[in-house]
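As a plain string of letters, each chain reads:
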Amino acid sequence: MSIRHFRIFIAVAEEENITKAAKKLYLTQPTVSIAIKEIEEHYGARFFERINQRLHITEEGKRFLDYAKHFIAMYDEMEIAFKKYRLYREASHRSQCKI
């Protein structure tokens, strides 16, 4: 699983519609459908019930959504922290070079 899979899952769960999630993520509908299928196959679980062109998240899907949101929040926080650290380090290095 990739970060992208988790982001796609979250968007589909929020939109309850693959086409809307695809538009939100600037992806094609087949790309999103394939990602959801890959996630479900990877975990051996059905996370969505398909009813009348709407997706309804299952109980397992709700549990997975909680983990996915937590995982993405932690990942995004880490990315920001290390970008800030890198900028701080570069700024410190530049100020030391001016002496």
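Residues numbered from 1 in each chain as written. Predicted model: local features only at pLDDT ≥ 70, side-chain atom pairs only at ≥ 80, totals over all residues. Heavy atoms only, no water.

**Here we look at the overall build of the protein**
Reasoning step 1: From N to C terminus, the protein includes four helices and two strands.
Reasoning step 2: What you see for the protein is a C-alpha radius of gyration of 19 Å, clearly larger than the 13 Å of a compact globule of 99 residues, by over 25%.
Reasoning step 3: In terms of overall dimensions, the protein has C-alpha extents of about 70 × 25 × 20 Å along its principal axes.
Reasoning step 4: Considering the protein as a whole, with its 99 residues, one finds that 27% of them fall into the buried category. (Helix = DSSP H or I, 4+ residues; strand = E, 2+ residues; numbered from the N terminus. Rg over C-alpha atoms; globule rule 2.2 N^0.38 Å. Buried < 20%, exposed > 50% of the residue type's maximum accessible area, 1.4 Å probe, protein only.)

**Considerations on a nonpolar patch on the surface**
Reasoning step 1: A contiguous nonpolar surface patch, about 340 Å² in accessible area, is contributed by Met78, Phe82 and Tyr85.
Reasoning step 2: On the basis of relative accessible area, Met78 is assigned to the partly exposed category, the value being 39%. (Patch = residues over 30% accessible without salt bridge, like charges linked within 9 Å, V, L, I, M, F, W, Y side chains within 5 Å. Areas by Shrake-Rupley, 256 points an atom, 1.4 Å probe, with all protein chains shown as cover. Salt bridge = Lys/Arg side-chain N within 4 Å of Asp/Glu carboxyl O.)

**Observations concerning unusual backbone geometry**
Reasoning step 1: Although it is not a glycine, Glu16 sits at a positive phi angle of roughly 55°.
Reasoning step 2: Structurally, Glu16 is set in the loop between helix H1 (3-15) and helix H2 (18-25).
Reasoning step 3: The exposure class of Glu16 is partly exposed, given its relative accessible area of 31%.
Reasoning step 4: A positive phi angle is found at Tyr26, which is not glycine, with a value near 60°.
Reasoning step 5: In this fold, Tyr26 is placed in the loop between H2 and helix H3 (29-43).
Reasoning step 6: With relative accessibility at 76%, the residue Tyr26 sits in the exposed group.

**Structural notes on the packing of H1 against H3**
Reasoning step 1: Relative to each other, H1 and H3 sit at 105°, their axes nearing to 9 Å. With respect to their mutual orientation, H1 and H3 come out roughly perpendicular. Here Arg4, His5, Phe6, Ile8, Phe9 and Val12 of H1 lie close against H3, whose contacting residues are Thr31, Val32, Ala35, Ile36, Glu38, Ile39 and Tyr43.
Reasoning step 2: Looking at side-chain class alone, the contact of H1 with H3 contains nine nonpolar, two polar and two charged residues. (Axes fitted to C-alpha atoms, helices over the stretch in contact; angles between N-to-C directions. Parallel < 35°, antiparallel > 145°, perpendicular 65-115°, else oblique. Contact = heavy atoms within 4.5 Å. Nonpolar A, V, L, I, M, F, W, Y, C, P; charged D, E, K, R; others polar.)

**Comments concerning the side chain of Thr58**
Reasoning step 1: Looking at where Thr58 falls in the secondary structure, it is placed in the loop between strand S2 (54-57) and helix H4 (59-97).
Reasoning step 2: Among the residues examined, Thr58 registers a relative accessible area of 14% and is labelled buried.
Reasoning step 3: Among the polar contacts listed, one links the side chain of Thr58 to the backbone oxygen of Arg46, at a separation of 2.8 Å.
Reasoning step 4: Residues in contact with Thr58, not counting those within four places in the same chain, are Arg46, Phe47, Phe48 and Glu49. (Polar contact = N/O pair within 3.5 Å; in protein donor to acceptor, adjacent residues only side chain to side chain.)

**Thoughts on the packing of aromatic side chains**
Reasoning step 1: Inspection of the entire model under this criterion finds eight aromatic pairs.
Reasoning step 2: For the ring pair Phe6 and Phe64, a centre distance of 5.7 Å and an interplane angle of 15° mean the geometry is stacked. Of this pair, Phe6 sits in helix H1 while Phe64 sits in helix H4, and the two are 58 residues apart along the sequence. Across this residue pair, the class does not change: Phe6 and Phe64 are buried.
Reasoning step 3: With centroids separated by 4.7 Å and ring planes inclined at 45°, the aromatic side chains of Phe6 and Phe71 adopt a geometry described as tilted. In this pair, Phe6 is assigned in helix H1 and Phe71 in helix H4, connecting sequence segments 65 residues apart.
Reasoning step 4: Note on Phe6: relative accessible area 10%, which makes it buried. (Phe/Tyr/Trp six-rings, centres within 6.5 Å; stacked < 30°, edge-to-face > 60°.)

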